[in-house]
Amino acid sequence: MAIEFNSIHTKDDLEHIGILSKTDSPNNPEECFLLIHGSSGNFYGAMNLALMDRFGEAGFDVASFNTRGHDLISRYGERFYGNAFDILSECNYDIDAAVSFLVERGYKKIHLYGHSMGAVKVVYYGAKHPNPYVISIISSSPVRLSYDYFMNHPDAVEEFTRCVNLAKEHIKSNKPNALMDVQFPMPHTFGAKAYLDKHGSEQYNMTLYAQNVINPTLLIAGSLETHPRLENCATDTHEIMKSSHEKNSVVIVEGADHAWTDMHDQHAKEILNWIANL
């Protein structure tokens with residue numbers, strides 16, 4: 001296996017670094033995986049590296065690149081990025097740049113994988129910006145982004161309302177990038193604008209647009225993912241898109257948590273089994 005460090009450039013002039021892992025004996029030299037990390041993650045995160053090893057052992061080349069939401073806070077030029085300031089719709093620029101890089105390297109069949117917030121980004125990309133070189137989408141442990149759902153959830157509404165109101169106060173005071181420490185949907189730090197972008201509407205609620213994805217799509221999650229931002233997100237999304245493609249599937253793995261702790265082998269196995277039947 002050979003590891004190449006590379007950089008990609010987006011249409012809005014950002015540079016992201018990442019790696020391309022090339023197996024010694026690929027099943028198909030034109031086929032590969034592209035891995036998209038989750039909130040505050042990066043190209044070398046534990047999840048991506050675990051999958052890179054297992055997909056490589058199965059005969060696949062694997063690429064993993066940062067997105068503009070990498071780590072908590074990052075900076076490029078005069079603008080701050082990172083998960084605290086991440087505007088989710090801009091992920092299309094990042095994924096498109098990574099796909100273009102791979103196409104230039106000769107890959108024509110790309111399996112697009114995302115975990116957690118990355119799982120939302122790959123479905124959003126598939127629905128809003130379909131690419132002929134992406135032949136499948138794997139959405140692993142997707143998170144629910146829905147104002148209405150959280151406002152009507154008894155375990156979420158109190159803290160969620162506080163966070164939304166605080167973010168709106170900052171926006172009203174012309175401080176869109178004011179940092180907020182929040183407890184929902186998880187203990188984290190967000191800029192006010194970025195918090196409302198993800199959680200203040202239905203724009204990224206996968207159950208409202210996933211049916212527009214034309215690629216075969218696997219939704220996979222663990223049975224221990226019971227937090228309001230996770231519960232039933234994979235199954236609810238599959239319900240609206242199950243008729244969009246005959247190969248669309250949902251798999252709930254018993255005993256798996258959001259990080260797939262001690263279950264990376266099973267995680268990869270389920271994905272590879274699904275791909276083998278496409």
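Scroll up for the structure.
The sections below set out a description of the structure shown in this document. All values derive from a computational prediction rather than experimental measurement.

Some words on the overall build of the protein
When helices and strands are counted, the protein shows eight helices and twelve strands. In summary, the protein has a C-alpha radius of gyration of 18 Å against a globular reference of 19 Å for 278 residues, a match within 12%. Principal axes of the C-alpha set define a box for the protein whose edges measure 55 × 40 × 35 Å. Within the protein, the proportion of its 278 residues that are buried is 56%. Within the protein, counting contacts between residues at least 6 apart in sequence, those at least 24 apart form 72% of the total. Carbon and sulfur atoms make up 49% of the accessible area of the protein, which amounts to about 11,900 Å² in all. On the protein, the mean spot of the 22 positive side-chain charges and the mean spot of the 35 negative ones are 5 Å from each other.

A word on the packing of helix α1 (residues 46–57) against helix α8 (residues 264–276)
Across the interface, α1 lies against α8 with an axial gap of 10 Å and an inter-helix angle of 55°. As judged from the angle between their axes, α1 and α8 are oblique. Considering the relative orientation of α1 and α8, their crossing is right-handed. Residues Met47, Ala50, Leu51, Arg54 and Phe55 of α1 pack against His264, Asp265, His267, Ala268, Ile271 and Leu272 of α8.

Structural notes on the pattern of salt bridges
Counted under the stated rule, the structure contains 15 salt bridges. When the shortest N-O distance is used, the salt bridge between Asp61 and Lys22 registers 3.7 Å. Placement of the pair is Asp61 in strand β4 (residues 61–65) and Lys22 in strand β2 (residues 15–22), with a sequence separation of 39 residues. Lys22 sits in the partly exposed class, given a relative accessible area of 27%. Between Arg68 and Asp94 there is a salt bridge whose closest N-O contact spans 2.9 Å. Residue Arg68 is located in the loop between β4 and β5 (74–76), and its partner Asp94 is located in helix α2 (residues 91–104); the two are separated by 26 residues in the primary sequence.

Notes on the sheet that holds strand β3 (residues 31–36)
Read across the open sheet, the eight strands follow the order β1-β2-β4-β3-β7-β8-β11-β12; overall the sheet is mixed. Edge strands, defined here as strands with exactly one partner in the open sheet, are β1 (2–9) and β12 (249–253). Sheet twist, expressed as the average angle between the axes of neighbouring strands with direction ignored, equals 20°. Here four bridges tie β2 to β4, and the two strands are oriented antiparallel to one another. Paired with Leu20 across the strands is Ala63, a residue of β4. Sitting on the sheet, α2 is in contact with β1, β2, β3, β4, β7 (109–115) and β8 (134–140), with an inclination near 130° to β1.

Considerations on a nonpolar patch on the surface
On the surface, a nonpolar cluster with roughly 330 Å² of combined accessible area is contributed by Leu72, Ile73, Phe80 and Leu179. With respect to the secondary-structure elements, Leu72 resides in the loop between β4 and β5. According to the relative accessible area criterion, Leu72 is partly exposed, its value standing at 33%.

Section: the packing of aromatic side chains
In total, this model carries 13 aromatic pairs according to the counting rule given. Considering the side-chain rings of Phe80 and Phe85, the 6.1 Å spacing of their centres and the 40° angle between planes classify their relative orientation as tilted. Since its relative accessible area comes to 40%, Phe80 is described here as partly exposed. In this structure an aromatic cluster arises from ring pairing among Tyr147, Tyr149, Phe150, Phe160 and Phe184. Residue placement shows Arg144 over the ring face of Tyr149; its charged tip is 4.1 Å from the ring centre.

Notes on helix α6 (residues 192–199)
Of all eight residues making up α6, seven are buried, and the element is well covered by its neighbours. Taken together, the buried positions of α6 are occupied by Ala192, Ala194, Tyr195, Leu196, Asp197, Lys198 and His199. In this structure, the buried residues of α6 make contact with α3 (117–128), α4 (147–151), α5 (157–172), β9 (179–182) and β10 (188–191).

About the cut-offs
- Residues numbered from 1 in each chain as written.
- Predicted model: local features only at pLDDT ≥ 70, side-chain atom pairs only at ≥ 80, totals over all residues.
- Heavy atoms only, no water.
- Helix = DSSP H or I, 4+ residues; strand = E, 2+ residues; numbered from the N terminus.
- Rg over C-alpha atoms; globule rule 2.2 N^0.38 Å.
- Buried < 20%, exposed > 50% of the residue type's maximum accessible area, 1.4 Å probe, protein only.
- Contact = heavy atoms within 4.5 Å.
- Areas by Shrake-Rupley, 256 points an atom, 1.4 Å probe, with all protein chains shown as cover.
- Lys, Arg positive; Asp, Glu negative; His and termini not counted.
- Charge placed at Lys NZ, Arg CZ, Asp CG, Glu CD.
- Axes fitted to C-alpha atoms, helices over the stretch in contact; angles between N-to-C directions.
- Parallel < 35°, antiparallel > 145°, perpendicular 65-115°, else oblique.
- Left-handed = near helix turned anticlockwise from the far one by under 90°.
- Salt bridge = Lys/Arg side-chain N within 4 Å of Asp/Glu carboxyl O.
- Pairing = 2+ DSSP bridges.
- Patch = residues over 30% accessible without salt bridge, like charges linked within 9 Å, V, L, I, M, F, W, Y side chains within 5 Å.
- Phe/Tyr/Trp six-rings, centres within 6.5 Å; stacked < 30°, edge-to-face > 60°.
- Lys NZ or Arg CZ within 6 Å of the ring centre and 35° of its normal.

On their own, these measurements won't tell you what the molecule is for.
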